[in-house]
Amino acid sequence: MSIWNYVVTAHKPTNVTQSCVGNFTSPQELNLIIAKCTRIEIHLLTAQGLQPMLDVPIYGRIATLELFRPHGETQDLLFIATERYKFCVLQWDSETSELITRAMGDVSDRIGRPTDGGQIGIIDPDCRLIGLHLYDGLFKVIPFDNKGQLKEAFNIRLEELQVLDIKFLYGCSKPTIVVLYQDNKDARHVKTYEVALKDKDFIEGPWSQNNLDNGAALLIPVPPPLCGVLIIGEETIVYCSANAFKAIPIKQCITRAYGRVDADGSRYLLGDYFGLLHLLVITHEKEKVTGLKIELLGETSIASTISYLDNGVVYIGSSYGDSQLVKLNVQPDAKGSFVEVVERYVNLGPIVDFCVVDLERQGQGQVVTCSGAYKDGSLRVVRNGIGINEQASVELQGIKGMWSLRSSTDDPFDTFLVVSFISETRILAMNLEDELEETEIEGFCSQVQTLFCHDAVHNQLVQVTSSSVRLVSSVSRELRNEWNAPAGFSINVATANATQVLLATGGGHLVYLEIGDGKLTEVKHAQLEYEVSCLDINPIGENPNFSQLAAVGMWTDISVRIFSLPDLNLITKEPLGGEIIPRSVLLCAFEGISYLLCALGDGHLLNFLLNTSNGELTDRKKISLGTQPITLRTFSSKNTTHVFAASDRPTVIYSSNKKLLYSNVNLKEVSHMCPFNSAAFPDSLAIAKEGELTIGTIDDIQKLHIRSILLGEHARRICHQEQTRTFAVCSVKYNQSGADDNETHFIRLLDDQTFDFISTYALDTFEHGCSILSCSFSDDISVYYCVGTAYVLPEESEPTKGRILVFTVEDGKLTLIAEKETKGSVYSLSAFNGKLLAGINQKIQLYKWMLRDDGTRELQSECGHHGHILALYVQTRGDFIVVGDLMKSISLLIYKHEEGAIEERARDYNANWMAAVEILDDDIYLGAENSYNLFTVRKNSEGATDEERGRLDVVGEYHLGEFVNRFRHGSLVMRLPDSDVGQIPTVIFGTVNGVIGVIASLSHEQYLFLEKLQSNLRKVIKGVGGLSHEQWRSFNNEKKTTEARNFLDGDLIESFLDLNRGKMEEISKQMDVSVEELCKRVEELTRLH
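Note that the structure is predicted; figures quoted are calculated from it, not measured.

Student: Can you tell me about the overall build of the protein chain, naming the residues and giving the values?
Tutor: When helices and strands are counted, the protein chain shows six helices and 87 strands. In summary, the protein chain has a C-alpha radius of gyration of 33 Å against a globular reference of 31 Å for 1089 residues, a match within 12%. The principal-axis extents of the C-alpha atoms in the protein chain amount to approximately 105 × 85 × 65 Å. The buried share of the protein chain, reckoned over its 1089 residues, is 57%. Long-range pairs, those at least 24 residues apart, make up 50% of the contacts in the protein chain between residues at least 6 apart in sequence.

Right, here's the structure in full:
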């Protein structure tokens, strides 16, 4: 690893932090807008559900997301404020389907103490001002002028220092806020203030309410006609206005989120910490509130945001579990619940811990995360690429081609699988026992190699061999008609659809036939100047059975040509450049956009946008998929068309958000593939690989495949043991009883294939599992699980007691064989030279594994090192120990064998509150801290003085904008020795927002090249809302802000591939490197994840 690092996201954030509903993309359309901390997604509500319209990164952590509609506007605008005090107002541009910035600015103050409870951003319902509570004791106002434009902001002093919530009240002639606060005796009260915009001050408001429920934490303003506010506590809910006060008791709970159901505000959905969804109803006679009612509807994920969409459909955004689309039913189901989950959206956040394992033993890392929290805790198995789930296989050598055929035109399923070899053709079909067995189609010629076959209209099948085209009845299986190649010529390549056949013979003859009922008609013949290497007439126009275009790949001049059908006129000729011939061409359409794909003999794939009306090819892009020739085939999965590229690195090409994406298939080498949708194996693929034919189904088409194991409890630490094929996790189960002892901590053993719990060890009352490790000790061949714990007592600020437990796994059972009491919490455990190294409160302690006289073993303390505040994170390499401290950054210790002692060698003197550390190589250490930054430090072994040698120099700094909980060495992708990327060392990280990221070390030459590319991309790709990429990535904590250095933003660099050709060329000119070369270099980086 090196000091030059490339940071890229392998899995985007999925923790939903805010959501809102309104008419954003047009006055008639209802949109759901979701914030996932650093990304915004815009969805359209349709009869079929939510349809994604846009997903964009925001250069900031979103603190406020609100829709509003200034006077005179017909649709809503979006207000966003970030944690680093930037704000913007966004508007939808329906022409380009992009966000445009209406206003932007910075609302930070030079002095001021940031609020403890996070920022509050609110918009006056009459759009007179935007209010922000960013610093204790200050309320910032951004007024609107009468045209709906924002004017200059100002602060108003706010007496209440411990603010819990602020909202605007409805129906007030002057803008009025309601403030929920806590006084210095910990009592909670509500006050109202009018905002006097002219005087830039507060005026005492119409009412106030003292001594509320001690757990009151949330205000819900009620719209007209009722107006007033709901105050949600832990034991009571209060409705309060100038002339009414109503309260009801509720079962104790903490409400996290609310969503308004009706425009008049008489019904609200409330979501609590247990994931229970309640309906709160304000009963009223005309405009007089008479009382409150609350009713339990059912259970959802633990909601962080609730948006009522329409017709009883509700979006539940979650930070602790999967987000959901639920339907509220009028009648309860068998379990008494009114909530029906319509759709789940996977969320990996918060990733508290993870490990990288190769479960399938294929040389491909998978990440197993501890995700979610409370009842929504889960394990997620994340791997790159698309898996094929094998259903059947048969040994067959030398397959040259495969096609599936139906027994009649309107049969929904395929019956036959035609497999072609060098000198024969065999036909397989499903028998009654659902087995593949050999059968005959009498009209087919089976003693020669088949070049192509296809279903044809009128219950017919077509077979092309080197000598003829045969038309066969699929009912009687007899030959109905035959077209023979002219004497002295043989057919080299051919393709067909249901009504057309296109073939090429030697000498550059192109022949076009049409298929009738029982007859083949030669319609047109063209003489080309070179031999044809490949053909395609896949219909992508209006008519699914007839193509108006033909794509033809040529030898000699290495070109691809588009001809019109039926008259075979040449419309477009595109030279491909280079000397490698096109081996496979394909006309296809993704998400309504037509493309021509062209695969070359050296594993490169070109794609073009195809204009179907004039055959024009534009926006050429080239990507390397492997090193061997590629063959392209379409297949469909879940009613969407995808393309399978068979080669030494099989790939599925699909489209998302109107961009082509490439996902590798987890198979070694595939020579041929065809869809085989039979009644026994619906939606399957037939795949020919080295020496066998496999039939299998394909996973969901996405770049990452995620398998969820919902636990119903919170897994907090995980570790894998190869020898016993198990995982061990430290987990905590929460009981909803509400009594004091409402959590129990366990060590659970899971099978690493089925993920079933196979053994459990319960920890003591108050005892928490803090660290876990699989290791072996010197002079002992067994492997052990070691667990570090802490006794967390309510009266202690820091644990004073803990244990180290040593388990073996015997017959799938956890057996405790040794335990050692410690004087504090065992925050970390590491295997260290055949011994065990523990971080216990403020010290590092080394234990050795000793044999007692009676043959049992125990841990014995050997030596330690004091001088930390809390030694939370420890990594080791050889005799070196790197410690990440609670607040004293990173220090480097060394174990001296002769003296049997641990000494400090060097430290970073900056005050960083650490969140994770990792050793990149002998001299460079990586840290993540609690202001969402990454940094690297270097050991200064060459320093002239002791003072220099005793300092770890900061060599890299970067604002990630994510809270990292763990780094691990490893890779998510197959490491293929033949690629440049195979040699790049990588570290994976997991974050609170559910991001899985990769940090890759670059050579200096690569770093300089990509840094130049990044700075050019900054000029071309503008941040949403005018937010600056440079500022966003600058290292930033309470003490300082400095420019990012020696880290590059891979997400920005890889977005180069999504630019249109014009912008690519602009950057290529600045860089003085061809577009092809830039694409190639950036594509190689995308293979890192």
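Student: Can you explain unusual backbone geometry? Please cite residues and give values.
Tutor: Omega for the peptide link from Pro-224 to Pro-225 comes to 10 degrees, which places this bond in the cis form. Looking at the element boundaries, Pro-225 is found in the loop between strand E18 (218-221) and strand E19 (229-232). With a phi angle near 55 degrees, Ser-97 is a residue other than glycine that sits in the positive phi range. The class of Ser-97 is partly exposed, set by a relative accessible area of 36%. The phi dihedral of Thr-556 falls on the positive side, at around 60 degrees, and the residue is not glycine. As for its placement among the helices and strands, Thr-556 is situated in the loop between strand E47 (549-554) and strand E48 (559-564).

Student: For the packing of aromatic side chains, give the residues involved together with the corresponding values.
Tutor: As enumerated under the stated definition, the model contains 22 aromatic pairs in all. A ring pair is formed by Phe-727 and Phe-755, whose centres lie 5.4 Å apart and whose planes are at 20 degrees; its orientation type is stacked. Here the residue Phe-727 occupies a position in strand E63 (residues 726-734), and Phe-755 occupies one in the loop between strand E64 (743-751) and strand E65 (757-762), the gap between them amounting to 28 residues. Taken together, the aromatic side chains of Tyr-273, Tyr-320, Tyr-374 and Tyr-734 make up a single cluster linked through ring pairs. Lying over the aromatic face of Phe-1009, Arg-1081 brings its terminal NZ or CZ to 3.8 Å of the ring centre.

Student: Tell me about the environment of Ile-709, residues and numbers included.
Tutor: Note that Ile-709 resides in strand E61 (residues 704-710). With a relative accessible area of 11%, Ile-709 lands in the buried category. Separated by 99 residues in sequence, Ile-709 and Leu-610 place their C-alpha atoms 43 Å apart. For Ile-709, the contacting residues outside a window of four places in its chain are Ser-378, Leu-379, Val-381 and Phe-755.

Student: Break down the pattern of salt bridges for me, with residues and values.
Tutor: Evaluated as defined, the whole model comprises 54 salt bridges. Note that Asp-752 and Arg-725 form a salt bridge whose closest N and O atoms lie 3.3 Å from each other. Placement of the pair is Asp-752 in the loop between E64 and E65 and Arg-725 in the loop between strand E62 (714-721) and E63, with a sequence separation of 27 residues. Glu-903 is paired through a salt bridge with Lys-896; the nearest N and O atoms lie 3.2 Å apart. The partly exposed category is assigned to Lys-896, whose relative accessible area is 24%.

Student: Describe a negative patch on the surface, naming the residues involved and giving the relevant values.
Tutor: Judged by side-chain charge, Glu-433, Asp-434, Glu-435 and Glu-437 come together as a negatively charged surface patch. With respect to the element layout, Asp-434 can be found in the loop between strand E36 (425-430) and strand E37 (436-439). By relative accessible area, which is 45% here, Asp-434 ends up partly exposed.

Student: Quick rundown of the environment of Leu-276? Include the residues and the values.
Tutor: Relative to the elements of secondary structure, Leu-276 occurs in strand E24 (residues 276-285). Sequence-wise, Leu-276 and Ile-302 are 26 residues apart; in three dimensions their C-alpha atoms are separated by 7.5 Å.

Student: Explain the nonpolar core to me, and be specific about the residues and the numbers.
Tutor: Tyr-6, Ile-40, Leu-78 and Phe-1056 are the most contacted members of the largest nonpolar core, which has 61 residues in total. Top element by residues in this core is helix H2 (residues 1004-1020). It accounts for six residues. In contact with Phe-1056, not counting residues within four places along its chain, are Leu-1017, Met-1064, Ile-1067, Leu-1078, Cys-1079 and Val-1082. Listed in part, the 30 residues of the second largest apolar core include Ala-456, Leu-503, Leu-513 and Ile-515.

Student: Can you lay out the sheet that holds strand E11 (residues 129-133) for me, pointing to particular residues and giving the numbers?
Tutor: With respect to topology, four strands assemble into an open sheet ordered E10-E11-E12-E13, the strand pairing being antiparallel. Single-partner strands in this sheet number two, and they are strand E10 (120-123) and strand E13 (154-157). Each strand of the sheet is rotated relative to its neighbour by a mean of 25 degrees, with strand direction disregarded. Direction of pairing for strand E12 (residues 138-143) relative to E13: antiparallel, over a ladder of four bridges.

Student: Tell me about helix H6 (residues 1075-1086), and name the residues and values.
Tutor: The α-helix advances 3.6 residues per turn, and as a result positions three or four apart in sequence lie on the same side. Here H6 spans 16 Å end to end across twelve residues, near enough to the 16 Å set by a 1.5 Å rise per residue. Residues of H6 that are buried: Val-1075, Leu-1078, Cys-1079, Val-1082, Glu-1083, Leu-1085 and Thr-1086. The buried residues of H6 occupy an angular sector of 155 degrees when projected down its axis, which confines them to one face.

Quick notes on the rules
Residues numbered from 1 in each chain as written. Predicted model: local features only at pLDDT ≥ 70, side-chain atom pairs only at ≥ 80, totals over all residues. Heavy atoms only, no water. Helix = DSSP H or I, 4+ residues; strand = E, 2+ residues; numbered from the N terminus. Rg over C-alpha atoms; globule rule 2.2 N^0.38 Å. Buried < 20%, exposed > 50% of the residue type's maximum accessible area, 1.4 Å probe, protein only. Contact = heavy atoms within 4.5 Å. Phe/Tyr/Trp six-rings, centres within 6.5 Å; stacked < 30°, edge-to-face > 60°. Lys NZ or Arg CZ within 6 Å of the ring centre and 35° of its normal. Salt bridge = Lys/Arg side-chain N within 4 Å of Asp/Glu carboxyl O. Patch = residues over 30% accessible without salt bridge, like charges linked within 9 Å, V, L, I, M, F, W, Y side chains within 5 Å. Areas by Shrake-Rupley, 256 points an atom, 1.4 Å probe, with all protein chains shown as cover. Lys, Arg positive; Asp, Glu negative; His and termini not counted. Charge placed at Lys NZ, Arg CZ, Asp CG, Glu CD. Core = buried A, V, L, I, M, F, W, Y, C linked by side-chain atoms within 4.5 Å. Pairing = 2+ DSSP bridges. Axes fitted to C-alpha atoms, helices over the stretch in contact; angles between N-to-C directions. Expected span 1.5 Å × (residues − 1). Arc of directions from axis to C-beta.

So, to be careful, I would describe these as geometric facts and stop short of saying anything about function.
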